Structures are given as C-alpha cells and as structure tokens.
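Each chain, written out:
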Amino acid sequence: MGRGVWMIALVLVVSLRAAGAEPASPLDDKQVLGMRLFNQSCRVCHTKPQLTSSIYGPELSQISAGGQDAVMREVISNGTPRMPGFKYHFEPVQIEAIVAYLKTIPAASAPAGK
C-alpha cells in the first residue's frame, strides 16, 4: 500500500509541473532580501490579521503608495505620523530590496459586495 501512495504522489507532482503549477518567476536575490527584511520588521503591522491580532497599518502590495517606487522608499525611510521611519535601521540598499519585494505582492482583491 505504501508503494501505491508514493506512485500517486509522484503522478501528482509530475502533473502539476506539466500544468505549469510552479511559480512563473521566482524571487531574485534582491527580492528575497526584501522579503526577509519585510518579515522581520514590517509584517507585524502590515499583514492581514491572524486570529485575534489586529492590523496597525495597511496591507502592503505592488500598488501601495500608488505603485511608485520613490514614494515607497520615502515612506519606508522617513515614516508617517503613524509609522516610524527606518532610515537609521536599514541601509538604502535594504530599503530598495524591500521596495523590490513589495512590487512582487499582488494587490488584495476587494471583498465581495463592496
């Protein structure tokens, strides 16, 4: 029976790959760095709440700050009245990496009925 399960799993993996289920373009090194920095310093406030946690800032995506890289860099660097700036925490290359990562996040779709 164990052999049959392995065969089914193998067939599923091959089928998914053939159907193009793998990501079209994986993240490059800069985007991976940005994802790591985002997860360490931004995710706590800028992701959809889980269970009882609350979201402090907007969910971020490629259309945040109007999709403008320069505005994203400015907000990350200098902050807003409700968000601290990170220009003393991150190097400019790290801020660029976060922006590059944000540009890979699709915008959340609006809830049905709105």
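Everything that follows concerns the structure shown earlier in this document.
Scoring rules and cut-offs
- Within every chain, residues take consecutive numbers counted from 1 along the sequence as written.
- In view of the model being predicted, local features appear only for residues whose pLDDT reaches at least 70, and side-chain atom pairs are presented and counted only at 80 or more, with totals across whole chains, interfaces and linings using the full set of residues.
- Just so you know, side-chain values use all the structure's heavy atoms and leave hydrogens and water out.
- A cavity here means a set of points on a 1 Å grid, drawn over the protein atoms and nothing else, where a 1.4 Å probe fits but cannot get out; a pocket is an open set with protein on both sides within 12 Å along at least five of seven lines, and a residue lines either one if it has an atom within 4 Å of a point.
- Grid points are joined across faces, edges and corners, and a volume is the space filled by probe spheres set on the points.
- Strands are runs of DSSP state E lasting at least two residues, helices are runs of H or I lasting at least four, and both sets are numbered from the N terminus onward.
- In this analysis, rings of Phe, Tyr and Trp, with Trp reduced to its six-membered ring, are considered paired at centre separations within 6.5 Å, and the interplanar angle assigns stacked below 30 degrees, edge-to-face beyond 60, and tilted for intermediate values.
- Throughout this description, buried means an accessible area under 20% of the type-specific maximum (1.4 Å probe, protein chains only), exposed means over 50%, and partly exposed covers the range between.
- Among buried residues, the Ala, Val, Leu, Ile, Met, Phe, Trp, Tyr and Cys ones that are joined through side-chain atoms within 4.5 Å form a nonpolar core.
- Contacts are assigned to residue pairs that have any heavy atoms within 4.5 Å of one another.

Caption draft 1: Highlighting the layout of surface pockets. Its volume calculated, the largest pocket comes out at about 460 Å³. Of all the secondary-structure elements, those providing two or more residues to the lining of the largest pocket are helix H3 (43-46), helix H4 (69-78) and helix H5 (92-102). For the lining of the largest pocket, the leading source of residues is H4, giving 3 residues. In this model, the second largest pocket occupies a volume close to 190 Å³.

Caption draft 2: Region of interest: the packing of aromatic side chains. Inspection of every chain in the model, using the stated rule, returns 2 aromatic pairs. Measuring from centroid to centroid gives 5.6 Å for Phe-38 and Tyr-101, while their planes differ by 50°, and the two rings are tilted. Taken together, the positions of Phe-38 in helix H2 (residues 29-41) and Tyr-101 in helix H5 put the pair 63 residues apart, joining distant regions of the chain. Residue Phe-38 is classed as buried on the basis of its relative accessible area, which comes to 2%. With a centroid separation of 5.6 Å and an interplanar angle of 25°, the aromatic rings of Phe-86 and Phe-90 are classed as stacked. Phe-90 matches Phe-86 in its accessibility class, with the two residues each being buried.

Caption draft 3: Representation of the nonpolar core. Formed by 15 residues in total, the largest nonpolar core has its most connected members in Phe-38, Ile-76, Phe-86, Phe-90, Ile-98 and Leu-102. Secondary structure elements with two or more residues in this core: H2, H4 and H5. If you tally residues by element for this core, the top one is H5, at 5 residues. Leaving out residues up to four positions away in the same chain, Ile-76 has contacts with Met-83, Gly-85, Phe-86, Lys-87, Ile-95, Ile-98, Val-99 and Leu-102.

Function-wise, these values are silent; they only describe arrangement.
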